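# Working through the structure, step by step
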Amino acid sequence: MEEVDKILIHALRHVGTEVGEGIDRVNQFTSELIVEAVVRCIRVIDPGLDGALPTSLPPGMSARFRVGMSLAQVCQDIGYKGEIGYQTFLYSNEPEIRSLLMFLVEKLPRETSEASDQPTGKSAVLHRAIAAAINAQLAVSWVPLNCILPLHCETQSKAASQRFQVHPFSLPHCTKGQKYLKEVKEYQRDILLPVTTQFPSQSSMVSSILEQHTAELTNTQERDTEWKSQGLLSRLTPQEYHSRKLTRLCKRIKEQLRSAAAPSPESVFSVSRSTSELSDLLQTFRGSGQSDFILNKGTHFTHTQKFTFTQEAAATMTSVNIGRQSGSEPQLRQQEELACLLLQFQQLCNDTDQIAADMKYMRVTTTQVFDELKQRELENAENKIKMQVKKKTIDLLPDADNNLQKLQSEVEESASRVVNLASQWEKHRAPLIEELRRLREICSSKALESSTKLSEIKSLHEKIRMATEEAKKKEESYKQLVTELESLPQDVSRSAYTQRILEIVGNIKKQKEEITKILSDTKELQKDINSLTGKLDRTFAVTDELVFKDAKKDESVRKSYKYLAALHENCNQLIQTIEDSGTILREIRDLEEQIETENCNKTVANMERIQDDYKAIRQENSALAAKVREG
């Protein structure tokens, strides 16, 4: 049972029971440790009973009895069929506790049993510590920043009082199979700062990394979902599908920009409005800056006028500056000339803008005139065709009868030709229709086959995803097992455990063979006894009948018959005595085994504890009665 006890203690430790290092057998468990182990297992089996059961025994005896009864009831509710009561926890014995703990360990959920088999390496301990810290923080009620009081400082961590701030940062992305330029590699190796130094404060580092990771993860999931839903239907590779999507997006952006920049033929105001909207859009793409630096599209005339007036304004300002520096003319005259020149410059700019607007309007008007001209030319061509038909009809009117007969003959010839063409078409149409039907059937079968293959591809993708997740879990388990293997002592070899297991199996086989041999010998003996008993009964019946016949005639034979009956009765009593002695010996062995079992169950110690508990209960009752009398 040592191996069973070690397995139970290992499982109880991973559930959360604080089992001492020196405890390696179930018979070393105290009542407090038994209660803690049972409560921990019940909490894992049924999380709804988390706060209903205490993990330790209370000091009062009556409270201990109540806890023992409640634990026994819960164990029976979850399916324990053995005999259980408060005495199982307060006055325990080894077999009952071992069977109860084995039942609870077997009832643990699969995740918990798998977790109990996980190694206690450094990474596993770190993960458990992180999970415990997160659970502890989630268990604390959240308080707004403006409502935090000094009494909340003990429960609320300092990190909870900091705001979630996100700052952009750069990461060297590396995609499998993608080649990077030498300059990019040098920038990432020599110039790009580490991630921890790219943030203005350390409090925003974790939030920024989490935000970046969440954005990349969401983008990847959306791309995978779109590829599985729409990309598979396009029958393209993922690279071709995404490049085609990018091309369509760029084309739509260009069309939107062209439609926003195209002049409308309704009015000049709409032209200026669309131009200003396009300028605003370009300004937003370039960033916030001065509007003087926006490049507006204009004609050669407008560029020439702006260049000329800019040169004149520059010359005027230069002359004004020279006049100021020389000081030969009065300052008032210079200001008047400057104001006059500025007014002239403003007037010329306004005239230029008006001329540019008029030119745009004239350009639109010219386009409309050209469109109307093309429409009129098309109408004239149609009218000419109609006129020629009517002219030919008028030319045929003088000789109407002959022309009518000719027209009738032409119509009949045309009708016969149409019938001939229709018969020829029917000859060609029948095989074409058959070919069309055949191709449609092939197309429908291929469509059905493609849909079937598409569903198979989707199921394969799902299986690949599940296999990938399972492979990741197994890889993590493998790393943890390797860590645990490295931490185990190397002096214990696996062959020793294997040899021990083989020895145990061999002993079990030998015991099984011996038990089978004993059972077969018992059956043979029982058969011999039954045959001898039957033979004895038959022999006695025959002898009794023969002697009884002769006993009527001879006195000596009569005495022999009495001796025969007495001998038969004495033999039966002897056999019965032997059977009773065997039964008594078996009962003696059973009683001896019961005595040994009771000695193992610590009956004497339990009786002493029961007497002590009884005295403690009487003292508690007397104390309560005294309090009642005083009250």
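Here the structure is a predicted model, which means the values were calculated and not measured.

Next up on the list: the overall build of the protein chain. For the protein chain, the count of helices and strands is 17 helices and zero strands. Taking all 631 residues of the protein chain together, 16% fall into the buried category. Partitioning the intrachain contacts of the protein chain with sequence separation of at least 6 by distance along the chain shows that 52% fall at a separation of at least 24. Surface accessibility of the protein chain: about 50,100 Å² in total, with carbon and sulfur atoms responsible for 58%.

Compared with the 98 Å implied by 1.5 Å per residue over 66 residues, the 97 Å span of helix α13 (residues 331–396) between its first and last C-alpha is a close match. Listing the buried residues of α13 in full gives Gln-334, Leu-338, Thr-352, Ala-356 and Val-364.

A separate point is a nonpolar patch on the surface. On the surface, Leu-126, Ile-130, Ile-134 and Leu-138 cluster together into a nonpolar patch covering about 410 Å² of accessible area. Here Leu-138 is to be found in helix α7 (residues 122–139).

Below, the discussion takes up the packing of helix α9 (residues 203–234) against helix α14 (residues 400–487). Running from N to C, α9 and α14 cross one another at 140 degrees; their axes reach a closest spacing of 11 Å. It follows that α9 is oblique to α14 by the angle criterion. Considering how the two elements wind past one another, α9 and α14 form a crossing that is right-handed. Two secondary-structure elements touch here, α9 through Lys-228, Leu-232 and Leu-233 and α14 through Leu-454, Ile-457, Lys-458 and His-461. Here the residues of the contact of α9 with α14 sort into four nonpolar, one polar and two charged.

Let us look at the pattern of salt bridges. In the structure shown here, the tally under the stated rule is 16 salt bridges. Note that Asp-5 and Arg-25 form a salt bridge whose closest N and O atoms lie 2.9 Å from each other. Remark: Arg-25 occurs in the loop between α1 (2–15) and α2 (31–45) and Asp-5 occurs in helix α1; sequence separation between them is 20 residues. With a relative accessible area of 0%, Asp-5 lands in the buried category. Look at Arg-25 and you get partly exposed, because its relative accessible area is 23%. The salt bridge involving Glu-32 is made with Arg-64; its shortest N-O contact spans 3.8 Å. Here Glu-32 is found in helix α2, whereas its partner Arg-64 is found in helix α3 (residues 61–77), with 32 residues between them in sequence. A residue is classified by how much of its surface remains accessible, and Glu-32, at 37% relative accessible area, is partly exposed. A cluster of three or more residues bridged by salt bridges with shared partners is formed by Asp-5, Arg-25, Glu-94 and Arg-98.

When the local axis directions of α14 are compared, the greatest deviation, roughly 30 degrees, occurs at Arg-429, which is followed within four positions by the proline Pro-431. Among the residues making up α14, those that are buried are Asn-403, Leu-454 and Gln-480.

One finds Val-38, Leu-71 and Phe-89 to be the most contacted residues of the largest nonpolar core, which totals 36 residues. Elements supplying a minimum of two residues to this core: α1, α2, α3, α4 (86–90) and α5 (94–107). Ranked by residue count, the leading element in this core is α2, at eight residues. Ignoring anything within four residues of it in the chain, the contact list for Leu-71 reads Val-35, Val-38, Val-39, Ile-42, Leu-53 and Phe-89. Core analysis: the next-biggest nonpolar cluster, separate from the first, contains five residues, Trp-227, Leu-232, Leu-236 and Leu-454 among them.

Throughout the structure, instances matching the rule amount to zero disulfides. Cysteine Cys-75 is unpaired, with the sulfur of Cys-41 as its nearest cysteine sulfur at 9.3 Å.

A separate point is a negative patch on the surface. Together, Glu-587, Asp-590, Glu-592, Glu-593 and Glu-596 line one region of the surface with negative charge. Within the secondary structure, Glu-587 is located in helix α16 (residues 555–600).

Our focus in this paragraph is the confidence of the model for the protein chain. Per-residue pLDDT for the protein chain has a mean of 77; in total, 79% of the residues score no lower than 70. Predicted confidence is poor over residues 112–117, with pLDDT under 50, and the contacts of this stretch with residues over four places away or in other chains come to four contacts. Under a pLDDT of 50 for its full length, residues 264–275 has, in the predicted model, 10 contacts with residues more than four places off or in other chains.

Glancing now at the side chain of Glu-36. When you line up the elements, Glu-36 lands in helix α2. Apart from the residues lying within four places of it in its own chain, the contact partners of Glu-36 are Gly-16, Thr-17, Glu-18 and Thr-55.

Attention shifts here to the side chain of Glu-94. Structurally, the position occupied by Glu-94 is in helix α5. Within the local environment of Glu-94, its side chain forms a polar contact with the side chain of Arg-25, the two groups lying 3.5 Å apart. When sequence neighbours within four positions are dropped, the list of residues in contact with Glu-94 reads Arg-25, Val-26 and Asn-27.

Rules and cut-offs
Residues numbered from 1 in each chain as written. Predicted model: local features only at pLDDT ≥ 70, side-chain atom pairs only at ≥ 80, totals over all residues. Heavy atoms only, no water. Helix = DSSP H or I, 4+ residues; strand = E, 2+ residues; numbered from the N terminus. Buried < 20%, exposed > 50% of the residue type's maximum accessible area, 1.4 Å probe, protein only. Contact = heavy atoms within 4.5 Å. Areas by Shrake-Rupley, 256 points an atom, 1.4 Å probe, with all protein chains shown as cover. Expected span 1.5 Å × (residues − 1). Patch = residues over 30% accessible without salt bridge, like charges linked within 9 Å, V, L, I, M, F, W, Y side chains within 5 Å. Salt bridge = Lys/Arg side-chain N within 4 Å of Asp/Glu carboxyl O. Axes fitted to C-alpha atoms, helices over the stretch in contact; angles between N-to-C directions. Parallel < 35°, antiparallel > 145°, perpendicular 65-115°, else oblique. Left-handed = near helix turned anticlockwise from the far one by under 90°. Nonpolar A, V, L, I, M, F, W, Y, C, P; charged D, E, K, R; others polar. Bend = angle between axes of the 7 residues up to and from the residue. Core = buried A, V, L, I, M, F, W, Y, C linked by side-chain atoms within 4.5 Å. Disulfide = S-S within 2.5 Å. Lys, Arg positive; Asp, Glu negative; His and termini not counted. Charge placed at Lys NZ, Arg CZ, Asp CG, Glu CD. pLDDT = per-residue confidence, 0-100. Polar contact = N/O pair within 3.5 Å; in protein donor to acceptor, adjacent residues only side chain to side chain.

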